[in-house]
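Each chain, letter by letter, is given below.
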Amino acid sequence: MTSVSKKGRGERREETRERVYEAALEEFRRSGMAAADVGKIAAAAGVARGTFYFHFPTKEHVLAELERREETRLAGRLEKFLAAEPTLDAVFAEVVRLFLLMERRVGKPLFRELLALHFSPRRPETLPGSDEPAAYPAITLLIGAIERAKAAGEVYAGADTVQTAGFFMLGLYALLITSHEQTRAARAGVIDGFTATVLRGVEAR
């Protein structure tokens, strides 16, 4: 009976956490993260205000949870794409495509909040409910793709694969944040130009 009871409490805790999480995202979409009212989030989730902070110490922790889920989804799709060992330009194009899909899925305002978290000093160092540092499977996969391109002679031998992947991802985040009001064609041109520049910087000579 004790194990069943503990399991029941654990399931209820997860259900409550999920309600708080979904209510927080809706409030973020309406008001933006900075102006989001924790009291309204708690009321929408049907919990006490303190319950929000029990599950998410700060509003940034909600975004960190959204990032974790979206990153896991994106990485799963990217891993399947990489199985065919595509060229590096195709890999970069696929990463861009997957992020644009993410933007449509979560909505532009919340997507900008999500990406801006990467540049925020308030970014949580660990995932909500965990003492483990946040993991970034997508960038790990990108590093691996650059290393394969390097081994194949597509990338010059002295290229730093970790720095190249980090530069590409952070640059892409910044462009996606700042180009959201441009037309689709203009935005695509800016992102394509950035991608081409990164590729030229590491291509074998």
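> Would you explain unusual backbone geometry in this entry?
Negative phi is the rule for most residues except glycine; trans is the rule for most peptide bonds. Even without a glycine there, the phi angle at Glu85 is positive, about 50 degrees. Take Glu85: it is sitting in the loop between α4 (59-82) and α5 (88-106). Overall, Glu85 belongs to the exposed group, its relative accessible area being 60%.

> Even after reading the chapter, I still don't get the nonpolar core, so can you show me in this structure?
Burial of nonpolar side chains together is a common tendency in soluble globular proteins. Core analysis: the largest hydrophobic core is formed by 57 residues, its most contacted members being Leu88, Phe99, Phe168 and Leu172. Among the secondary structure elements, those contributing two or more residues to this core are α1 (2-31), α2 (38-45), α4, α5, α6 (108-116), α7 (137-151), α8 (161-178) and α9 (184-202). With 9 residues, α5 is the single largest residue contributor to this core. Discounting residues that sit within four places of it in the chain, Leu88 has contacts with Ala145, Ile146, Ala149, Glu154, Val155, Leu199 and Val202.

> Sorry if this is basic, but what is going on with the environment of Pro86 here?
Position of Pro86 among the secondary structure elements: in the loop between α4 and α5. Sequence separation of Pro86 and Arg148 is 62 residues, and the distance between their C-alpha atoms is 9.8 Å. Setting aside its immediate chain neighbours within four residues, Pro86 contacts Phe81 and Val91.

> Just checking my understanding: could you explain the packing of aromatic side chains for this structure?
The relation between two aromatic rings is expressed through the spacing of the ring centres and the mutual angle of the planes. Here the structure, examined in full by the defined rule, presents 7 aromatic pairs. Note on Phe52 and Tyr53: the rings are 5.2 Å apart at their centroids and 90 degrees apart in plane angle, and the pair reads as edge-to-face. With relative accessibility at 0%, the residue Phe52 sits in the buried group. Relative to Phe194, the ring of Phe168 lies with its centre 5.7 Å away and its plane at 15 degrees, an arrangement referred to as stacked. Of the two residues, Phe168 is situated in helix α8 and Phe194 in helix α9; the sequence distance between them amounts to 26 residues. Of the two residues, Phe168 and Phe194, neither departs from the other in class, the shared state being buried. Ring-pair connections join several aromatic residues into one group, and the members of that group are Tyr21, Phe52, Tyr53 and Phe56. One residue, Arg69, lies across the ring of Tyr21, its end atom 4.0 Å from the ring centre.

> Can you walk me through the side chain of Thr164 in this structure?
Considering the arrangement of structural elements, one finds Thr164 in helix α8. Ignoring any residue separated from it by four or fewer positions in sequence, one finds Thr164 in contact with Ile146, Val198 and Val202.

> Help me out: how do you make sense of the pattern of salt bridges in this one?
Pairing of side chains with opposite charge becomes possible as their charged atoms draw close. Considering all chains together, one arrives at 12 salt bridges under this definition. Residue Glu65 is joined to Arg68 by a salt bridge in which the shortest nitrogen-to-oxygen separation is 2.7 Å. Linking Glu65 with Arg68, this pair stays in helix α4, spanning 3 residues, or about one helical turn. Among the charged side chains, a salt-bridge network with shared partners connects Arg17, Glu18, Glu65, Arg68 and Arg69.

> Just to check I follow, could you spell out the confidence of the model for the protein for this structure?
Atom-level detail of predicted coordinates should not be read off regions where pLDDT is low. Of the residues in the protein, 92% reach a pLDDT of 70 or more, and the chain-wide mean stands at 91. Per-residue pLDDT, averaged within each element of the protein, yields its smallest value for α1 (85) and its largest for α2 (97).

Conventions adopted
Residues numbered from 1 in each chain as written. Predicted model: local features only at pLDDT ≥ 70, side-chain atom pairs only at ≥ 80, totals over all residues. Heavy atoms only, no water. Helix = DSSP H or I, 4+ residues; strand = E, 2+ residues; numbered from the N terminus. Buried < 20%, exposed > 50% of the residue type's maximum accessible area, 1.4 Å probe, protein only. Core = buried A, V, L, I, M, F, W, Y, C linked by side-chain atoms within 4.5 Å. Contact = heavy atoms within 4.5 Å. Phe/Tyr/Trp six-rings, centres within 6.5 Å; stacked < 30°, edge-to-face > 60°. Lys NZ or Arg CZ within 6 Å of the ring centre and 35° of its normal. Salt bridge = Lys/Arg side-chain N within 4 Å of Asp/Glu carboxyl O. pLDDT = per-residue confidence, 0-100.

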